[in-house]
Amino acid sequence: MKILLVFPPMLGEERYGKLARAGSYLPPLGLLYLAGVLEKQHDVKIVDGSVLNITVDDMRDEIRSW
């Protein structure tokens, strides 16, 4: 089975609001943990929109292509 795990593109202000300057930008650890377990039996891909610096439209295209 093919599984795509998606972390949508978000700006710091969208994620943390007024605390954007104090917020950290860690990888989506929950998705990484899930992928680590799932990849033993499935074809897994993670798309981190924040790291890739892509738009919502780019994310939609990535989902469709997978």
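Shown above is the structure to which this text applies.
Residues numbered from 1 in each chain as written. Predicted model: local features only at pLDDT ≥ 70, side-chain atom pairs only at ≥ 80, totals over all residues. Heavy atoms only, no water.

### Comments concerning the overall build of the chain
Turning to step 1, where the next piece is worked out: Check the secondary structure of the chain and you find four helices and two strands.
Turning to step 2, where the next piece is worked out: Element order for the chain, N to C, with α for helix and β for strand: β-α-α-β-α-α.
Turning to step 3, where the next piece is worked out: Counting only contacts in the chain whose residues sit at least 6 apart along the sequence, the fraction spanning at least 24 positions is 64%. (Helix = DSSP H or I, 4+ residues; strand = E, 2+ residues; numbered from the N terminus. Contact = heavy atoms within 4.5 Å.)

### Comments concerning the side chain of Asp48
Turning to step 1, where the next piece is worked out: Note on placement: Asp48 falls in strand 2 (residues 43-48).
Turning to step 2, where the next piece is worked out: The class for Asp48 is buried, based on a relative accessible area of 13%.
Turning to step 3, where the next piece is worked out: In contact with Asp48, other than residues within four places in its own chain, are Phe7 and Pro28. (Buried < 20%, exposed > 50% of the residue type's maximum accessible area, 1.4 Å probe, protein only.)

### Section: the pattern of salt bridges
Turning to step 1, where the next piece is worked out: Counting across every chain of the model gives two salt bridges.
Turning to step 2, where the next piece is worked out: Notably, a salt bridge pairs Glu62 with Lys45, separated by 2.3 Å at the nearest N-O pair. Placement of the pair is Glu62 in helix 4 (residues 56-65) and Lys45 in strand 2, with a sequence separation of 17 residues.
Turning to step 3, where the next piece is worked out: Arg60 is the salt-bridge partner of Asp57, the closest N and O atoms lying 2.6 Å from each other. Of this pair, Asp57 and Arg60 both sit in helix 4, separated by three residues, roughly a single helical turn. (Salt bridge = Lys/Arg side-chain N within 4 Å of Asp/Glu carboxyl O.)

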